[in-house]
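# Structural overview
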Amino acid sequence: MSTIAERLTALKAEIPDGIGLVAVSKFHPVGALMDAYGAGQRRFGESRVQELLRKQDEMPSDVEWHFIGHLQTNKVRSLVGRTALIESIDSEHLLECVDRESERAGVVSRVLMQVHVAAEETKFGFDPEELLDYFASRRFEALKATHICGVMGMASNTDDESRVSADFARIAEIFRDIRGRVAPDLRGFDLLSMGMSGDWPLAVAQGANLIRVGTRIFGPREY
Ligand SMILES: *Cc1c(COP(=O)(O)O)cnc(C)c1O
């Protein structure tokens, strides 16, 4: 059986230049994260606020923490100021809450807008039309302490690669549409986060420049 460091190194050799890797470490112990850290990984993704904060306290301070799970508004206050990127802004209500709490804390939060295109009803995120409407209306101009850096999305949970590729293509199209047509004056809107252990090459083929990989590095999670 290979080690975390070996799996990480093998993965990094496969990822084309210019594509960022978030090591999704949710449910894994700090020791596992430190193995990846020792192999050079500095960007980690967590999906629960308490778990992120606890691990952050135990890990070296040069780690960049990405929040990738559904964020409840009552947890926002404890999270702002502790992340390099909140990838999972899934409603305008949440975005406004992050903005308010960031301003209150005297920090600027970098975030991605999560778009929902997958078949599963249960996944969070803006509908494509809703997201385009948000940018077209220029409501982002009212944000005081939040920098929207791009879009995050997930493909349908299926073995059908053509369906997965089509989902990624749709997310990428929305991202490019916002950048190119809807709000071309947006600054620093350049991250397209999509792709996980099973489907990241398909995501990269559709233009992802940030991928979020857990199982392939750390092995299966024990919930
Ligand atoms: C858990 C998770 C991942 C990583 O999934 P793997 O299949 O373990 O690579 C990526 N993105 C999000 C949003 C997740 O919740």
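Residues numbered from 1 in each chain as written. Predicted model: local features only at pLDDT ≥ 70, side-chain atom pairs only at ≥ 80, totals over all residues. Heavy atoms only, no water.

### With respect to the side chain of Glu-87
Tracing the sequence through the fold places Glu-87 in strand 4 (residues 85-89). Buried within the structure, Glu-87 lacks any salt-bridge partner; its nearest side chain of opposite charge belongs to Arg-212, at an N-O separation of 4.3 Å. Polar contacts involving the side chain of Glu-87 include one to the side chain of His-66, which spans 2.7 Å. Of the polar contacts made by the side chain of Glu-87, one reaches the side chain of Ser-193; its length is 2.7 Å. Apart from residues lying up to four places away in sequence, Glu-87 is in contact with Val-22, His-66, Phe-67, Ile-68, Leu-112, Gln-114, Met-152, Ser-193, Leu-210 and Arg-212. (Helix = DSSP H or I, 4+ residues; strand = E, 2+ residues; numbered from the N terminus. Buried < 20%, exposed > 50% of the residue type's maximum accessible area, 1.4 Å probe, protein only. Lys, Arg positive; Asp, Glu negative; His and termini not counted. Salt bridge = Lys/Arg side-chain N within 4 Å of Asp/Glu carboxyl O. Polar contact = N/O pair within 3.5 Å; in protein donor to acceptor, adjacent residues only side chain to side chain. Contact = heavy atoms within 4.5 Å.)

### Description of helix 2 (residues 30-38)
Within an α-helix, residues lying three or four positions from one another point in the same direction, as the helix has 3.6 residues per turn. Within helix 2, the full set of buried residues consists of Val-30, Ala-32, Leu-33, Ala-36 and Tyr-37. Along the axis of helix 2, the buried positions cluster into a sector of 160°, meaning they face one direction only. Taken together, the buried residues of helix 2 touch helix 1 (4-14), strand 2 (43-46), helix 3 (49-58), strand 3 (64-67) and helix 9 (215-218). (Arc of directions from axis to C-beta.)

### Concerning the side chain of Ser-88
Tracing the backbone through its elements, the reader meets Ser-88 in strand 4. Overall, Ser-88 belongs to the buried group, its relative accessible area being 0%. There is a polar contact of 2.6 Å between the side chain of Ser-88 and the backbone oxygen of Gly-69. If near-sequence neighbours (up to four positions away) are discounted, Ser-88 is found in contact with Phe-67, Ile-68, Gly-69, Leu-94, Leu-112, Gln-114 and Met-152.

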